[in-house]
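# Structural description and commentary
Below are the chains, spelled out letter by letter.
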Amino acid sequence: TIAGIVVTQNATTNVSTSMRIQISNVPPNIGTLLRVPAGKVFYDNAVSVHAVITDDGSVSYDSLYYQVNGGGYTPVPHDSIATGYNYWFHITPQVTTSNVDYYIVATDSVGGRSQSGTLSYHVHGLVPIATLQNSSNPGTLPACYQADSVNTVEQFTGIVVGRYAGSASSHKRPFIQDSRNPWSGIYCYGVPDTLQIGDSVTVRATESVYFGETEIVSPYVVFTHTHNNPVPAPIELTCAQFGDDSY
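Described in the following lines is the structure provided in the data block. (Residues numbered from 1 in each chain as written. Predicted model: local features only at pLDDT ≥ 70, side-chain atom pairs only at ≥ 80, totals over all residues. Heavy atoms only, no water.)

### Digging into the side chain of Thr206
Note on placement: Thr206 falls in strand E17 (residues 200-210). Apart from the residues within four sequence positions on either side, Thr206 is in contact with Asn151, Thr152, Val153, Glu215, Ile216, Val217, Ser218 and Pro219. (Helix = DSSP H or I, 4+ residues; strand = E, 2+ residues; numbered from the N terminus. Contact = heavy atoms within 4.5 Å.)

Put into structure tokens, the structure is as follows:
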């Protein structure tokens, strides 16, 4: 706020008058905070936060503040300012199960200060395949026993134990398994033809259900760790167990 007194003098009457004026400064405006990735954040994701910050004068200071698991806020200056007052900030990857809170502060050249609301995200890690297969809803055909996490992006690791050759020569549709326990294998539809039996992989993709069968569909992010690993040993099943979807 700028305050002062303006004095004027009438040349005819030689009478002086004074008037007190006060001009209020409008602090910076911080637009909606947008996060990339917008959905699930995994342990290897750096997070970008974008906001449009404007002022009737000029912005002299800006910073994103973030904290991990309530451990106190750390300031992060902007990485770039693009055309149209687009400010970009980045948060480094955090360990699995971390909870991250963040907000943006901006100050103008005459001291006006604004602060955005506080937003949060959770850092996700690897999920056992049995968890992906879990279903609490019997459902109805053709989508019976639809997995609880269907239509979400998930990340899991395991060994490629088989490949089904689809009609498209560029895709081989592997089966991936992470243990010999029930519900520990899953079918991957449309994976590029680079995976071989015995590959140890981490897969990040969308979970889906096709005619009651859980599967993983594109878009894929596949990390291949090692090759020629032993596959889990076969499990002997009785005829009664053979019809059990858990195997």
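The structure having been displayed, the exposition proceeds.
### Comments concerning the nonpolar core
If you look at the biggest cluster of nonpolar residues, it comprises 19 residues, and the most contacted ones within it are Val49, Leu64, Ile91, Tyr102, Ile104 and Tyr121. Of all the secondary-structure elements, those providing two or more residues to this core are strand E6 (47-54), strand E7 (59-68), strand E10 (86-91), strand E11 (99-108) and strand E13 (119-124). Non-local contacts of Ile91, meaning those with residues more than four positions away in its chain, are made with Ala46, Val47, Val49, Leu64, Tyr66, Val100, Tyr102 and Tyr121. One finds Val127, Ile129, Leu195 and Val201 within the second-largest nonpolar core, a separate group that totals 15 residues. (Core = buried A, V, L, I, M, F, W, Y, C linked by side-chain atoms within 4.5 Å. Buried < 20%, exposed > 50% of the residue type's maximum accessible area, 1.4 Å probe, protein only.)

### Let's talk about the pairing of E7
Judged from the nine bridges that link them, E7 and E11 form a sheet pairing that is antiparallel. Across the sheet, the residue bridging to Tyr66 is Tyr102, located in E11. Across three bridges, E7 lies against strand E8 (residues 74-76) in antiparallel orientation. Opposite Tyr65, over in E8, you have Pro75 as the bridge partner. (Pairing = 2+ DSSP bridges.)

### Some details on the sheet that holds strand E15 (residues 174-177)
The five strands are arranged E14-E15-E16-E18-E17 in a closed barrel whose pairing can be described as mixed. Taken over all neighbouring pairs, the strand axes of this sheet differ in orientation by 55 degrees on average, direction set aside. The pairing of strand E14 (residues 153-163) with E17 spans seven bridges and is antiparallel. Across the sheet, residue Val153 finds its bridge partner in E17, namely Thr206. (Axes fitted to C-alpha atoms, helices over the stretch in contact; angles between N-to-C directions.)

### Considering the environment of Glu215
Position of Glu215 relative to the elements: it lies in strand E18 (residues 213-226). The buried category is assigned to Glu215, whose relative accessible area is 9%. Sequence separation between Glu215 and Phe175 is 40 residues, and the spatial gap between their C-alpha atoms is 9.4 Å. Aside from chain neighbours lying at most four places away, what touches Glu215 is Ile186, Tyr187, Tyr189, Thr206, Glu207, Ser208 and Tyr210.

### A few points about a nonpolar patch on the surface
A grouping of Ile235, Leu237 and Phe242 is seen on the molecular surface, where their side chains present a nonpolar patch of about 300 Å² in accessible area. Its location among the elements puts Phe242 in helix H2 (residues 239-242). (Patch = residues over 30% accessible without salt bridge, like charges linked within 9 Å, V, L, I, M, F, W, Y side chains within 5 Å. Areas by Shrake-Rupley, 256 points an atom, 1.4 Å probe, with all protein chains shown as cover. Salt bridge = Lys/Arg side-chain N within 4 Å of Asp/Glu carboxyl O.)

### Comments concerning the pattern of salt bridges
All chains considered together, the criterion is met by two salt bridges. A salt bridge links Lys40 to Glu154, with the shortest nitrogen-to-oxygen separation between them at 2.8 Å. Here Lys40 is found in the loop between strand E4 (34-36) and strand E5 (41-42), whereas its partner Glu154 is found in strand E14, with 114 residues between them in sequence. On the basis of relative accessibility, which here comes to 29%, the residue Lys40 falls in the partly exposed class. Residue class for Glu154 comes out buried when judged on its relative accessible area of 6%. A salt bridge links Arg204 to Asp44; the nearest nitrogen and oxygen atoms lie 2.5 Å apart. In this pair, Arg204 sits in strand E17 while Asp44 sits in the loop between E5 and E6, placing the two residues 160 residues apart along the sequence.

### Quick look at unusual backbone geometry
Cis geometry is found at the peptide bond from Val36 to Pro37, where omega equals 0 degrees. Looking at the element boundaries, Pro37 is found in the loop between E4 and E5. With a phi close to 60 degrees, Tyr85 is a non-glycine residue in the positive phi region. In this structure, Tyr85 sits in the loop between strand E9 (80-82) and E10.

Everything listed is a geometric property; what it means functionally is a separate question.
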